[in-house]
Structure formats: structure tokens, C-alpha cells
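# Fold and contact review
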Amino acid sequence: MSATLPTPGPSASAVVPALEVRDLVVRYGRAPGRLRRRASAPAVDGVDLVLAPGRTVGLVGESGSGKSTIAKAVLGLQAVSDGTVTFRGQDLTSASARERRAVAADLRVVFQDPYSSLNPTRTIGDTLAEPLRLQGLGAAQARERAVEVLEQVGLPGEVVDRYPGQFSGGQRQRVAIARALVCRPEVVVLDEPVSALDLSTQAQVLNLLADLRDEHGYSFLFVAHDLGVVRFLSDDVVVLYRGRVMESGPAEEVTQRPRHPYTQALVAASPVPRPGEQAERRLARERLGVGSASTASADPAGCPFASRCPLATDTCSTERPALRLLGEAQVSCHHAS
Amino acid sequence: MTSPTDQRPDLPAATPVPPAPGAQAMPVPPPPEQVRRVPRGPRLAALRRPGPAIGLTWLLLVLAASLTSPLWLPYGTAEQDLARRFEGPSADHWLGTDDLGRDLLTRIVAAAGVALTASLVTVLVALVIAVPLALAAAERGPRVERWTSRVSEVLLALPATIIMLAVIGVIGVRTYWIMAVLGVLISAAVYRVLLGVAQSVRQRLYVDAARVDGLRSWMVNARHVLPGMASVVAVQAAQLFGVAILIQSGLAFIGFGPADPEPSWGGMIAVASRYVYTAPWMMVPTGVVLALTVIAANAVADGIAAHAASVSGHASSGRRSGRVTLLGATHGRADDVRLAVPAGAGTPLLEVEGLRVATTEGPELVTGVSFSVGAGRVVGLVGESGCGKSMTARSLLGLLPTGVRLTQGALRWEGTDLLAGGASADKALRRLRGREIAMISQEPMVALDPMFSVRSQLVAPLRRFRGVSRREAVGLATDLLAQVGIVDAARVLDSYPHQLSGGMAQRVAIALALTGEPRLLVADEPTTALDVTVQAEILSLLRSLVTDTGLSVVIVSHDLGVIADLCDDVNVMYAGEVVESGSCEAVLASPAHPYTAALLEANPHVPEGEALPHRLPSIGGTVPAPAAWTSGCRFAGRCRFATRACAEPLVLTAAPGVPVGAVPDHAVRCVRADDLSLTAAPEEDPR
Amino acid sequence: MTAFVLRRLLMGVATLAAAVLISFLLVHAGSGSPGAVVLGPSATPEAIAAKNAELGWDDPLLVQLGDYVGGLLTGDLGVSLADSRSIADDMAARLPVTASIAALATLASGILGVLLGVTAAVRGGWVRRLATTGAGIGLSLPQFWVGVVLTYVLAIRLGLVPATGYTALGEDPAGWARSLVLPVLTLAVGGAAIVARTATTGLEEALRAEHVRTLRAMGTPEWKVRYVHALRYASVPVVSVLGIQFIVLFGGSIIIEQLFALPGLGQAAAAAVSSKDAPVVQAVVIVATLVVVLVNLALDLVVAALDPKVRTA
């Protein structure tokens with residue numbers, strides 16, 4: 001569980017984390033055509049997370065929570081405004097292209113949309129070989145490795161010469177996973193890898209990811225919006241709302257015994273396929289008294305959830321709650337217990 | 001001033017200069033369902049169309065003829081025969097002669113070389129400037145883009161033809177140089193089109209993936225971005241080629257072309273125009289060759305564009321949309337067991353029987369779906385992508401997409417078959433739409449008209465349905481918005497759709513659906529695009545509408561949780577048919593079909609307090625494509641209980657547990673339903 | 001919205017500055033000198049040099065540019081080298097000719113194009129195929145050739161309109177209209193083709209759009225769906241294209257004015273280039289750019305009025 005807790009100092013953890021994010025702030029450039037002085041609200045606002053080797057941390061939140069932005073910042077696809085991203089103890093925050101290339105084989109990604117994540121004009125083999133060739137592998141060896149990793153993800157090796165257009169969504173996502181694993185990485189960022197898939201395919205891909213992790217010891221930074229999916233794959237969970245961490249801790253703890261009012265709202269809102277139980281959950285959700293998402297307004301000084309929160313007091317809109325330990329989880333709330 | 005974008009603002013592959021309203025919407029990845037069903041038709045059609053091939057052949061032929069002309073042309077270009085001036089076609093002069101008795105064919109062919117190669121210079125210069133700038137601006141983002149775009153805007157506003165004249169004034173008539181200047185001036189227009197394409201290609205995730213691979217920036221551009229732009233670059237080049245030929249000959253026409261006796265197309269037409277009173281034939285051959293050459297270039301451009309559009313699955317169809325016609329009147333699968341009518345209701349509000357939907361040229365998408373909706377009931381249609389649930393829902397309004405038709409079945413509204421006597425579903429349902437049946441859909445942001453305010457979108461149907469004055473209608477609209485849970489109705493009334501959040505837009509869409517006080521609401525994945533907390537709010541709203549107003553709802557969803565939350569009855573669809581049907585409680589608590597059971601097991605939302613399984617039970621394979629559907633059980637290929645008997649045709653039968661002889665409230669399409677006990681603890685995934 | 005207009009105005013000024021600079025540099029990059037143009041081929045080098053000095057040609061470039069811009073700001077475009085007349089007066093007389101041809105041609109393109117395009121989109125089938133093929137050919141035909149063909153048919157064979165020449169509006173309105181028929185028709189062939197294509201694709205896209213399905217699902221009468229909602233949606237690209245067409249036709253007038261002997265800007269430009277009358281060439285570039293800038297600004301405002309997304313941005 002130490003994986004997501006902001007460690008107080010270097011001594012707290014003997015192992016060097018695979019990935020560490022400290023006080024991350026990402027501000028998108030101003031919207032085009034707007035006046036320059038009005039700085040945008042940060043998409044990610046002071047997020048900490050630690051990913052220990054072999055562990056999986058789930059980043060969960062709704063649209064606008066900043067979860068995908070964190071993933072992009074980690075991968076160097078999004079400029080960081082403030083804070084640090086450290087990979088195996090090496091600061092990547094402002095890494096040059098050359099430094100990035102040096103860790104490219106060890107820090108990989110699987111994207112959400114299996115349709116746009118594979119170049120339709122290149123064969124599966126070309127796509128899989130690209131990172132290997134950049135690492136200096138010969139063409140024949142790269143192809144051999146591509147076939148091997150395709151079989152690992154449950155596809156026949158001969159698909160190496162086919163084009164992405166010939167595959168279904170689930171199969172494409174397997175290819176995308178193969179591309180992430182082809183250079184035997186340490187950390188894989190999974191950016192909503194199953195959100196675009198049908199339920200039955202989603203289960204196949206989740207099982208595959210779990211199998212591969214258990215077998216090879218990868219660390220996953222798993223971005224998702226579905227708590228059930230996050231709970232299945234993650235050891236630890238970080239719940240985000242409007243770029244801020246609301247709650248973080250062991251997956252079972254956060255998803256089964258949520259303490260932050262926002263996490264509670266999130267858990268209560270996701271429907272279960274059992275009519276009786278769902279009716280009870282619905283009543284429980286209504287009893288929570290969480291304000292409608294459409295009434296939400298952000299006050300940068302206070303808690304971003306304050307305007308919807310049933311527990312909110314004046315303090316909440318003026319004072320930013322710090323993360324504090326409640327049970328096994330860290331909760332950013334003045335009133336949660 | 002002319003530019004390729006000006007000439008052809010309708011490039012399908014590029015979304016060029018004038019953006020349509022709504023075009024700025026986020027690029028939504030195509031749902032798997034659509035991609036899998038890309039019709040092969042348009043692609044072939046694009047290749048079948050002879051235009052582009054003929055165009056290309058013509059261009060190459062003209063160029064080859066011109067380059068080899070000294071070898072075979074019977075006359076010299078300046079060879080005069082003053083005795084035979086102004087002649088029409090003859091055996092000696094196939095295309096006739098000009099004012100000095102020179103052979104027109106010879107001069108036309110000889111002039112073609114410069115016309116085509118100089119236009120090529122324009123194309124190359126424009127691309128050499130525009131492509132790297134577009135790539136750089138797309139890669140470096142707003143900081144670079146702002147400046148390149150401003151410069152291009154200035155360049156674009158300069159009157160190109162007049163500036164070219166000024167250049168001619170300085171350097172004289174040097175065709176290749178002048179055409180190169182045109183290339184510079186026109187590169188701004190090309191840049192603007194290519195910038196849009198480069199930006200959209202850069203948003204594709206495979207570009208990000210290549211960056212994560214550690215590919216150098218220029219390699220990312222060369223290997224991933226540029227190939228994605230290739231078809232638009234080709235289209236632009238072909239169009240630009242045609243424009244360049246036109247401008248070049250236009251300049252020659254007004255006397256800024258090669259000096260006589262050297263032939264040029266524009267110069268020849270200028271001469272012809274002088275003698276148009278006496279020798280009208282003279283302008284025919286040159287004009288036709290010039291026009292054909294430009295038409296050829298544009299045909300090549302159209303061909304590339306159509307091909308690219310069909311490959312990317314966005315081929316436009318010229319057919320009328322939203323039309324459905326009824327073919328036969330025989331009902332399929334008539335021997336399906338009929339479910340009990342829900343208690344407390346007489347005639348159901350809507351009965352669907354033996355509904356079949358097919359594409360015009362291809363396979364069936366829905367094969368014999370039956371269900372009924374009682375007053376105040378909520379009926380769910382659930383299944384994965386490609387199961388035909390959305391097509392079924394859209395049939396209920398007679399609004400199927402272009403190229404898809406309702407081919408068979410009965411739609412009984414309060415007992416009366418709307419399709420009786422072969423009536424078209426579109427027509428038959430028209431009088432019910434809005435008044436009796438309304439619809440909300442998956443993407444609330446695009447379901448509302450982007451050009452009109454919420455106020456006018458609500459007021460128009462309110463006045464039409466309720467016959468009230470404008471003022472009363474505004475009052476009613478405010479009430480409706482309040483009813484769907486919008487607090488600041490006044491502000492929302494004055495908003496435009498793009499100013500609303502997704503959840504707010506869906507509330508407005510529901511308010512719109514309620515303007516005609518319908519008795520049935522068809523909701524097609526109404527919460528799929530929304531966040532989970534917003535989804536819960538919309539589901540609560542729908543539920544309160546059902547309990548407060550007695551509204552009936554048919555809801556389509558892929559999410560069993562949504563179904564469990566809202567539905568009284570549920571129909572599980574698989575590959576175009578209902579495989580299990582009954583009360584929500586019965587179907588979800590004791591599934592009788594292996595597919596239903598498997599879907600439930602694959603759901604990671606386990607009952608409260610229960611531990612998650614170590615691995616999720618999953619279904620191998622994918623939903624078969626419509627062309628591969630059989631008359632036997634279509635799930636058999638993925639079913640772990642499948643036996644040889646599963647290949648036999650089968651009907652819906654009473655589910656196990658329904659007393660023999662009773663009218664069943666739970667039916668299943670599975671030959672082994674009786675000997676399976678699916679509610680037992682889920683087995684491990686056999687994968 | 002105010003910021004938007006201000007920004008567009010600023011861009012317009014930048015464009016004008018670019019036009020001034022480019023035309024100025026082009027004039028000075030040439031090998032000839034104004035003195036030689038004024039005095040003709042028989043002049044002695046000494047006389048030419050004296051004339052050049054008189055015209056300020058020997059001053060430093062920056063001084064000349066400053067003088068020229070200073071003149072521009074007071075509406076002074078200099079004098080023609082050929083006949084020493086005020087260029088500003090000449091432009092003022094010629095601009096209405098070119099502008100009215102371009103405006104009428106745009107109007108004709110708009111009406112014809114929208115009718116054709118909407119019919120194609122709504123009727124579909126062979127009507128659409130015919131219309132799009134026709135439009136494809138229409139925009140490929142060289143304007144000057146179309147002009148000659150139309151002259152032959154309408155003026156020579158049928159004698160309906162005069163083949164060439166221009167009658168001023170003040171002189172004889174009917175004659176004015178008749179003298180514009182051929183040039184306007186000639187320009188409208190290509191313009192209508194482009195507008196028709198835009199209208200067809202725009203309307204078809206609108207009719208496939210999700211919000212149109214919503215309207216149909218609400219039982220909205222089909223004529224309203226098509227001609228109020230879908231057409232409004234398609235109007236933004238059509239209006240943009242019409243604006244661009246005006247600019248294109250304005251530039252195309254060089255050729256048309258030559259063909260029909262119309263005393264417009266294009267004719268002045270062509271004549272000035274032939275006689276190396278640099279100040280006139282320079283003036284035409286600047287006046288034409290000014291027109292483009294103003295039309296673009298008007299276009300932006302019309303689009304903003306039509307499209308709430310632009311308006312409320």
C-alpha cells in the first residue's frame with residue numbers, strides 16, 4: 001500500500017519507485033483566440049503519486065479530472081508546468097528528446113482507442129518493430145520478437161504481416177498491448193485501455209493485462225473511469241476530481257469503504273446489474289445528497305468539490321484541504337471521518 | 001486571385017476553408033460497431049468510377065504527345081500556309097488551321113508541354129513551401145502556428161493575378177518563373193488546408209505512440225504524419241495543377257504569354273477570339289483541349305478524394321436519407337413464444353412483432369425481433385455492439401440510416417398495425433413522432449441544432465404540438481426545463497447547444513422530447529457519453545418521469561447496470577435477435593441464456609461485500625458479422641455449452657422455471673436452456 | 001466580439017502594408033526607370049536622368065517609400081507616367097466597373113449555385129449526378145473561353161446583347177445592364193459551379209447530422225427540416241464561399257475586362273504592365289488588396305451573425 005502514499009522522505013521507502021510524481025501541475029495553454037492574461041485553471045493541480053516496482057496504481061476520475069493529462073505528462077507528451085516526474089530515480093520532468101529516447105523502451109503506453117492508436121498504413125510487424133529498431137535491434141530479430149510478443153498477447157504470430165484494418169477492436173487492443181510490451185518495459189501507462197471495448201472483450205483484455213503483470217512483474221499506471229475495472233486490476237487507487245487528489249489508498253479500501261464524499265458519490269453512482277441491489281444503491285445515493293454535476297463551480301482557494309458536497313462548510317470554500325490519513329487511505333477533506 | 005481551396009471548397013477528405021458549424025467538435029473515435037461494418041461498396045464504387053482513370057490517361061497522353069511531338073507532327077509550329085487560312089477540319093489539317101494557315105493540331109500539341117510542366121512547377125513550389133510549414137505548425141502548436149497562419153492570411157488576401165502581372169512587368173514573360181511565383185502566392189491556401197489535416201493526423205494516437213517509442217521528430221512526421229496526409233496532398237496537387245493551367249492560359253490570353261510564333265493555349269484562344277465573327281471554328285479545338293485537361297486534373301482530384309473518403313469509411317451517399325419502405329408483410333419466427341402481457345395493462349401501448357431490418361444491398365441487421373411495451377413500463381434492449389439494438393430502436397420511429405430499411409414486421413400502436421397494407425414506416429410513423437413517440441440519443445451535444453438557441457428549439461415544437469402563443473410557449477419551455485431539473489432555466493433558454501455541458505444538453509434534449517407530451521420515449525444509449533455521476537442523475541430523471549407522468553420508455557444500453565437501474569422488462573439481443581426476454585428481475589437474477597449469464601459474469605461490479613474473482617470470466621471471440629449469421633444459435637461459436645444441436649434453427653421458448661402451460665414471463669432462445677443451470681457459481685474462464 | 005473585429009482590422013492593415021511593400025519593391029526591382037517610360041524610346045540618357053531626378057527616383061528607397069506611404073494616407077496614389085493624370089481619380093472611375101461586375105457575378109453565382117446545389121442534395125439520384133458532373137465541368141472551363149463562346153452565341157448568333165463595350169449606369173441604365181450581361185454570365189458559370197458543390201455537400205452533411213434526426217424524431221415537417229434547419233446549417237460554408245468568390249471574381253476581372261473591353265481596374269493593370277507604367281500597377285495592387293480586406297472583414301461579420309459558435313466565442 002505504500003505505493004500511492006506520498007512518502008514523507010527518501011528514507012520511508014528502501015526501494016526506488018518505478019515511477020514517482022511530485023506536486024505535478026499541468027496548465028494547458030490559453031484557449032486559442034482568448035485574451036492572453038486570463039490564465040486557465042490547471043488541469044492537474046499538485047498531484048503526488050508513487051508507483052512501486054511490480055505494482056499497479058489506478059487513476060480514477062470523471063472527464064476533466066486530469067487523469068489522462070497525468071498520463072501524458074508522465075510520457076512526455078504534455079509539458080509540465082510545475083512539479084517533477086521521476087522514473088527509476090531519474091528526473092524526467094524536463095528531459096531532452098535524447099534523454100526521453102533513452103527510457104523509451106522501459107516506459108511504455110497503451111491508449112484508449114484501439115482504432116486510432118495503430119497506423120493503418122503500416123503492418124502490425126512494422127508497428128511492433130519500430131521501438132525495437134530504435135533500440136538498435138536488427139530487422140530479423142525485431143520481427144522474431146514481434147511474433148513472440150504477439151503470441152504472448154494471444155494472437156497468432158502470423159498476423160505480423162497484416163494491417164490493423166483487418167482486426168476487431170479487442171484484437172487491436174491486444175496488438176497495442178504487444179507494442180507496449182515488445183521491449184520488455186518496466187512501467188506501462190494504460191490510458192483507459194478497455195473503455196472503448198464491449199463488456200466481453202473488456203474482460204478478456206483485463207485478464208490478459210493481469211496475467212502479463214503477474215508473470216513478468218510490470219508496473220502499471222492504470223487510468224480509468226470505471227471503479228469496478230480499477231478495483232479489478234489495481235493494488236492502489238488515486239481518485240481525482242478537477243485535477244486534485246481526493247482520496248488515495250489500497251484499491252479495496254478506497255472502492256469498498258470510500259471516505260471522501262466525492263469517492264462515495266462516485267461509488268454510489270456506478271450501477272450494478274442486479275435490480276434489487278441497484279434499487280438500494282440508488283436510494284443510498286440519493287440519501288448522500290451530493291449536488292448535481294451541473295451546479296459545480298470551482299473556487300481555486302478551496303476544495304473543488306465543495307459546491308456539490310453534502311458536508312461542505314465555509315471552511316471548504318476558503319481553505320484547501322490537505323491529504324490526511326484516515327484508516328488505510330489518504331483523504332483530502334476537512335470533514336470526512 | 002484564385003487558389004485551389006477557393007476553387008474547390010468541398011474537398012471531402014480535408015474539411016477545408018469554410019468549416020461547417022459543429023465541425024470543431026472533438027474528434028470522436030468511431031465506435032467499434034461502425035468501423036467493423038464499413039461497407040465495402042463505396043470503395044469499389046470509387047475505383048469503378050471511370051473519371052479519374054480517364055483523367056490521368058488524358059494528362060499523360062497529352063504530355064507524352066507533346067514531348068515526342070518533333071518526332072511525329074507533320075507540320076512545324078510556325079509553318080504558315082497563307083493559302084489555307086481559317087480552315088475547318090480536313091484530312092490534311094485534322095483540327096483545321098489558324099489565321100496564318102498554321103496547323104492547329106500541331107500548335108496545340110506543341111503548346112501542351114510548357115502548359116503542363118509550368119503548371120507542375122506551380123504545384124511543386126506550393127507543396128515544397130506548404131507541406132513543411134504545415135507539419136511544423138502542427139507539431140509546434142499555437143506558438144508557431146499563430147505566426148505561420150497570420151502570414152498565410154496576409155498572403156491569401158493579396159490579389160494573386162494582379163501581383164503576377166506586376167511581376168511580369170519586372171521580369172518579363174518568363175513562364176516558369178512566373179508560375180513559380182504563383183506557387184509561392186498560392187502556397188498559403190495549400191498551407192491552410194494541409195495544416196488542418198496535419199493537426200487532425202497528429203491527434204491520432206499512433207503519432208503519440210510513435211513519440212513514446214522514442215522516434216525522432218522528423219521521423220514521426222515522415223513515417224506517421226505525412227502518410228496520413230497523403231491523399232489530401234494528392235488532391236490538392238491535382239486541383240492546383242488545374243488552377244495553374246487556367247491561370248497560365250488566362251495570362252497568355254491577355255497577351256502575357258509566349259510571343260508569337262511560339263504557340264500557347266491562351267494565346268491561340270486570344271487569336272481565335274479576334275476572328276470569332278468570321279471563323280468561329282478556330283476556338284473550338286484549343287478550348288476543348290484546354291478544358292478537357294483541366295477537367296482531367298479535377299477528375300483525378302475527385303477520384304483520390306472519393307477513394308480516401310471511402311477508405312476512411314465516411315463515404316457520402318447521395319441517396320435520400322431516413323427513408324424506409326416495407327417489403328413483404330409476412331412475419332418471421334411467428335412460432336416464437338409470446339410473453340405474458342404485463343399485469344395491469346390492457347392492450348400494450350406498442351407491440352413490435354417480427355421486426356426485420358436490412359441494408360439495401362447487404363445482409364440483415366435485425367432478424368425477427370418482437371417485444372411489447374405497456375403503458376408506464378420501461379423496456380430495455382441490451383447487448384454488445386453490432387447486435388442490432390440501436391437499429392431496432394430507430395425502427396420504432398421509422399428513422400433508419402441511409403441504406404438501411406425495415407423490411408418486415410408489425411408495429412402495433414395501441415393495437416393498430418401502423419405498417420398494415422405495406423405502408424412506409426417513415427410515413428406511417430410521421431404522425432406519431434413527437435406527439436406519441438419521442439427520442440433521445442447517445443450524443444446530446446450533437447442532437448441539438450447548433451444554429452438555434454435552446455429557446456427557439458423548444459418554442460417551435462411547443463407551438464406546433466400545443467397550439468399556444470409564442471409567449472405561452474416560452475412559459476411552458478421554462479416549466480419543462482424546471483421539470484428536467486434545470487435550475488437556471490432562464491439562462492439555459494438563451495444558450496446555444498455548444499455552451500451546455502453534456503449532462504445539461506441531455507436534460508434539454510429530454511425537455512425537447514417532452515414538448516409533445518409523448519407516451520413513449522425511445523432512449524438510445526442516453527447516458528453512454530456521460531460521466532457516471534451525471535449518468536445517475538439522468539437515470540433518476542427518467543425514472544421520475546415514468547412514475548410521475550406514466551411515460552413508457554424503451555431504453556437501449558450496453559450497460560447491464562443501467563438496465564437494472566431503470567427497466568421493468570429486458571430483451572437481451574445478440575447478433576440481430578432477442579436471445580432472452582422477460583422481467584428485468586427474472587432475466588438478470590436467473591439468466592437462462594449462456595450469453596446473458598456470461599455478460600453478467602464478465603461485469604466487474606460484483607455484489608457488495610463480495611470479493612472480485614482473481615480473473616474475470618470472459619467470452620472468447622467477438623460478435624459475428626451480420627453476413628455470417630446462421631439460422632441456428634448465433635452464439636454457439638462462443639458458447640462453452642454448445643453442442644451439435646445448437647446448429648438447428650431455434651425459437652424463443654419458455655425459460656426453465658416457468659410452469660408448463662402458463663403464459664411465460666421469461667423466454668429464452670437456447671436449445672439447452674432446460675439442462676443448464678446458469679445461476680450456479682461462475683466457472684473459471686476456460687481460456 | 002469587439003476584440004474579434006479589432007483583430008480582423010489589424011490583420012487587414014497588415015495585409016495592406018504587405019501589399020504596399022511588395023508592389024513598391026517590385027517596381028524598384030525592375031531594370032527600367034520612370035524617366036525612360038515618360039519620355040519614350042527616343043529620349044537621350046541625359047534627359048531620362050533629369051526626368052528621373054525630377055520624379056524623385058534617385059532618392060534613397062526609404063525616402064521614396066515614406067513619400068509614397070505619406071501620399072497614400074492622404075489618398076494620393078501619384079500620377080500616371082503615361083498621361084500624367086491623377087491615378088486616384090482614374091481608380092475611382094474604374095473601381096465601380098470592376099466592383100459591379102464582381103458583385104453581380106457573385107450574386108448570380110449565389111442564386112444559381114444555391115438553387116442547383118440544393119436541388120441536387122434534396123432530389124438525389126440522377127439529378128444529383130447530373131448537377132455535380134455539370135458543376136465539375138463548369139469550374140474547369142477557362143473563363144475567357146466561356147466568354148468567347150457566350151459572345152458568339154448570345155451576341156453574334158442571337159444578337160441579344162452587345163458583344164463588347166461598357167455603358168455607364170448614369171448614362172443609360174438599360175444599356176448598362178445589357179453591357180454587363182456577358183461578363184457577369186461568363187464569370188457566373190464557374191462561380192455557380194463552386195457554390196453548387198458547396199451547397200450540395202453542406203446540405204447533405206446537414207441532412208445526415210444527428211440534430212436533423214432529432215428534428216425528424218420530433219415530427220418536424222420535412223420542408224422545415226430541410227429549408228429552415230439544414231439549410232441554415234449549410235449556410236455558413238456557402239456564405240464563406242460566396243465571399244471568396246467575390247474576391248476570385250474581382251481578380252478574374254483582369255481577363256474579362258480585356259475580353260469585353262470594359263474600363264475597369266483589370267484593364268488598367270494590363271495596360272499599365274504593357275506600358276511599364278509602374279505607379280498605376282502599384283495602385284491597382286493596393287486598391288485590389290483594400291477591396292479584398294474589406295470583403296473579408298464583411299465576410300467575417302456575416303459568418304459571425306450566422307454561426308452562434310463564432311458569435312458567442
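Residues numbered from 1 in each chain as written. Chains lettered and ligands numbered in written order. Predicted model: local features only at pLDDT ≥ 70, side-chain atom pairs only at ≥ 80, totals over all residues. Heavy atoms only, no water.

## Here's the deal with the confidence of the model for chain B
Residue and element names in this part refer to chain B. The following threshold applies: One number per residue, pLDDT, summarises how confident the predictor is, and it ranges from 0 to 100. Contacts between residues were defined by any pair of non-hydrogen atoms, one from each residue, lying within 4.5 Å.
When pLDDT is averaged along chain B, the result is 83, and 86% of the positions lie at 70 or above. Confidence drops under pLDDT 50 across residues 313-334; counting only partners more than four residues distant or on other chains, this segment forms 66 contacts. Here residues 680-687 scores under 50 on pLDDT; set against residues more than four positions off or in separate chains, the count is 13 contacts.

## Points about the UniProt feature "domain: ABC transporter" (unreviewed entry) in chain B
Keep this limit in mind: UniProt positions are given in the numbering used here, feature names are shortened, and annotations may be inferred rather than shown by experiment. Secondary structure elements follow DSSP: runs of H or I no shorter than four residues count as helices, runs of E no shorter than two count as strands, and numbering proceeds from the N terminus.
UniProt annotation of "domain: ABC transporter" (unreviewed entry) refers to residues 350-600 of chain B when read in the numbering used here. Strand forms 26% of residues 350-600 of chain B and helix 40%; the C-alpha atoms that close the span are 28 Å apart.

## Observations concerning a nonpolar patch on the surface
Convention followed: Excluding any residue in a salt bridge, patches collect residues exceeding 30% relative accessible area, merging like charges within 9 Å and nonpolar Val, Leu, Ile, Met, Phe, Trp and Tyr side chains within 5 Å. Surface accessibility in these figures is a Shrake-Rupley result with a 1.4 Å probe; residues are shielded only by whichever protein chains are displayed. Between Lys or Arg on one side and Asp or Glu on the other, a salt bridge is scored when a side-chain nitrogen of the former is within 4 Å of a carboxyl oxygen of the latter.
A contiguous nonpolar patch, built from Trp281(B), Val284(B), Val288(B) and Leu292(B) and spanning about 280 Å² of accessible area, is present on the exposed surface. Its place among the elements puts Val284(B) in helix H13 (residues 283-311).

## Some thoughts on the sheet that holds strand E1 (residues 350-359) of chain B
Residue and element names in this part refer to chain B. Worth spelling out the cut-off: Strands are labelled as partners when DSSP assigns at least two bridges between them.
Strand order in this open sheet of 4 strands is E2-E1-E4-E5, and the pairing throughout is antiparallel. The open sheet terminates on both sides in strands that have one partner only, identified here as strand E2 (364-373) and strand E5 (416-417). Summarising the sheet, strand E4 (residues 404-413) and E5 pair through 2 bridges and their orientation is antiparallel. Residue pairing for E5: Trp 413 is matched across the bridge by Thr 416.

## Some details on the sheet that holds strand E11 (residues 653-654) of chain B
Each strand in a sheet pairs with another by means of backbone hydrogen bonds, the pair being arranged parallel or else antiparallel. Residues and elements named next belong to chain B. Spatially, E6-E7-E8-E3-E9-E10-E12-E11 is the arrangement adopted by the 8 strands of the open sheet, whose pairing is mixed. The strands lining the two open edges of the sheet, one partner per strand, are strand E6 (437-440) and E11. Relative to strand E8 (residues 552-557), strand E3 (residues 378-382) is paired through 5 bridges, and the arrangement is parallel. Its bridge partner lying in E8, Leu 381 is registered against Val 556.

## A few points about the UniProt feature "transmembrane region" (unreviewed entry) in chain B
Using the residue numbers shown here, the UniProt feature "transmembrane region" (unreviewed entry) corresponds to residues 53-73, 108-133, 154-171, 177-195 and 225-255 of chain B. Regarding residues 53-73 of chain B, the helix share stands at 90% and the strand share at 0%, and the terminal C-alpha atoms are separated by 26 Å.

## Concerning the domain arrangement of chain B
Operational definition: Note that the domain bounds were set by an automatic or database domain assignment.
Split by domain assignment, chain B resolves into domain 1 (97-312) and domain 2 (324-436 + 519-607 + 616-675). Look at where the C-alpha atoms of domain 1 of chain B and domain 2 of chain B centre, and you get two points 55 Å apart.

## A look at the interface of chain C and chain B
The figure often quoted for interface size is the accessible area lost as the parts come together. Note the threshold: Joining two parts hides part of their accessible area as seen by a 1.4 Å probe, and the buried area is that hidden amount summed over both. Within 3.5 Å is the distance limit for a polar contact, defined as a pair of N or O atoms, with the added protein rule that one can donate a hydrogen and the other accept it, and that residues adjacent in sequence qualify only through two side-chain atoms. In this count, Pro and Cys sit with the nonpolar residues alongside Ala, Val, Leu, Ile, Met, Phe, Trp and Tyr, while Asp, Glu, Lys and Arg are called charged and the others, Gly among them, polar.
Counting residues at the interface gives 84 residues for chain C and 82 residues for chain B. Interface area, chain C with chain B, both sides summed: about 7,200 Å², of which 69% is carbon and sulfur. Considering only the side of chain C, the residues that lose the most area to chain B are Arg213(C), Met218(C) and Lys309(C), jointly responsible for 10% of the buried surface there. Across the chain C-chain B interface, the total number found is 2 salt bridges. Among the ionic pairs, Arg197(C) bridges to Asp302(B), the shortest N-O distance being 3.0 Å. For the pair chain C and chain B, the interface holds 14 residue pairs in polar contact (both at pLDDT 80 or more). The leading source of residues in the side of chain C that touches chain B is helix H10 (residues 222-260) of chain C, at 19 residues. Its residues assigned to classes, the side of chain C that touches chain B comprises 46 nonpolar, 20 polar and 18 charged.

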